[in-house]
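Descriptive structure summary
For reference, the chains in residue letters:
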Amino acid sequence: MLHAKEQLLRLLRIQDLALEIRSARSVVEGAPARIEEIEGRFRERNAEYVALKERFDAIEKDRRDRTVELEALEESRKKYMESLMQVKNQREYSAVLKEIDAVKARIGAHEEAILKEMEEAEKLRVDLDARADHIEKERALVGEEHARVEAEAATAAERISAAEDERAGLETELPGDLIENVRRVEESRQGVFLARADKELCQVCFVRIRPQVYQEIRQAAQIHVCGHCRRYLYYEPALKAQPAAQPDAAPGEASASGIGALGGGPA
Ligand SMILES: [Zn+2]
């Protein structure tokens, strides 16, 4: 089993990874809401354009529908005109004439409506065309924002998976009950399961550490948890101190992070 100091060095790195995973996860989970917000702002900024476009589309659809119906009406008017030739008496004649008048009235109504719609559509088109450049720019802007959010989420997802792999590797070197307990503290303490010990105090909750325990922490001889917040305590200078023989680590790097020797993961 690894010495307490070696275990603490791994916990220190796991703590960094855990916080990195946490922040990356919030980027991934926040992406859909950010995209929705971007789309919402586009609709809000361009509410007038959206309303004009909807009106234009509705008119065009109505005009198409009326045109189709107009053809059917013309067809039935032709049929009534033909049957007018075959009537046998005045009564039939008046009946057919009445039908023809009714069809003509409907045709007239459609033609009038179509004419009005064409006028309105023409005005709307001028209005829409005037906004076209602006809308195109707005759409491009939204597209860029959208892409940026997605790229950030993708990068964060990659960071999560790399950090999880590294953490899993480090955990294989640590006792199972230690890992389990670390996870429990981590969950109940917003991801922070380590606390620096200094001046006989836990530097997170500032509860006093017994002198005997503090000595062991200072020497990194034993792993202890804070009696109050239950976080694992470490004494920074003890972990940063360079072991006598460490052939592989670059001296500057190792003393700067205290974990230089762990860079490659499980040895
Ligand atoms: Zn504490």
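Just above sits the structure.
Presented here is a report on the structure given in the accompanying data block. Everything quoted here is computed from the prediction, not taken from an experiment. What you see as residue numbers is a count from 1 along each chain, following the sequence as written. Local features in this predicted model are restricted to residues of pLDDT 70 or higher, and side-chain atom pairs are both shown and tallied only at a pLDDT of 80 or more, whereas totals for entire chains, interfaces and linings draw on every residue. Excluded from the side-chain calculation are hydrogens and water; included are all heavy atoms of the structure.

**What about the sheet that holds strand β2 (residues 201-202)?**
- In space, the four strands of this open sheet follow the order β2-β1-β4-β3, with mixed pairing throughout. In the strand order of this sheet, the two ends are held by β2 and β3 (224-225), each with one partner.
- Bridge count for β3 against strand β4 (residues 232-234) is two bridges, and the pairing is antiparallel. Within the sheet, the bridge partner assigned to Val225 lies in β4 and is Tyr232. Strands are treated as partners if at least two bridges between them are detected by DSSP. Going along the chain from the N terminus, every DSSP run of H or I of four or more residues is numbered as a helix, and every run of E of two or more is numbered as a strand.

**Concerning the pattern of salt bridges**
- Salt bridges are defined by distance alone: a side-chain nitrogen of Lys or Arg within 4 Å of a carboxyl oxygen of Asp or Glu. All told, the structure shown has 26 salt bridges when counted by the stated rule.
- Of the charged contacts in the structure, one is a salt bridge between Lys61 and Asp65, with a shortest N-O distance of 2.8 Å. Taken together, the residues Lys61 and Asp65, both in helix α2 (residues 47-85) and four residues apart, mark about one turn of the helix.
- A relative accessible area of 46% means that Lys61 is categorised as partly exposed.
- One salt bridge in this structure joins Lys116 and Glu112, with 4.0 Å as the shortest N-O distance. Placement of both Lys116 and Glu112 in helix α3 (residues 90-171) is noted, with a separation of four residues, approximately one turn of the helix.
- Here the residues in one salt-bridge network are Arg167, Glu171, Arg183 and Glu186, joined through shared partners. Burial classes follow relative accessibility: with a 1.4 Å probe on protein chains only, a residue under 20% of its type's maximum area counts as buried, one over 50% as exposed, and anything between as partly exposed.

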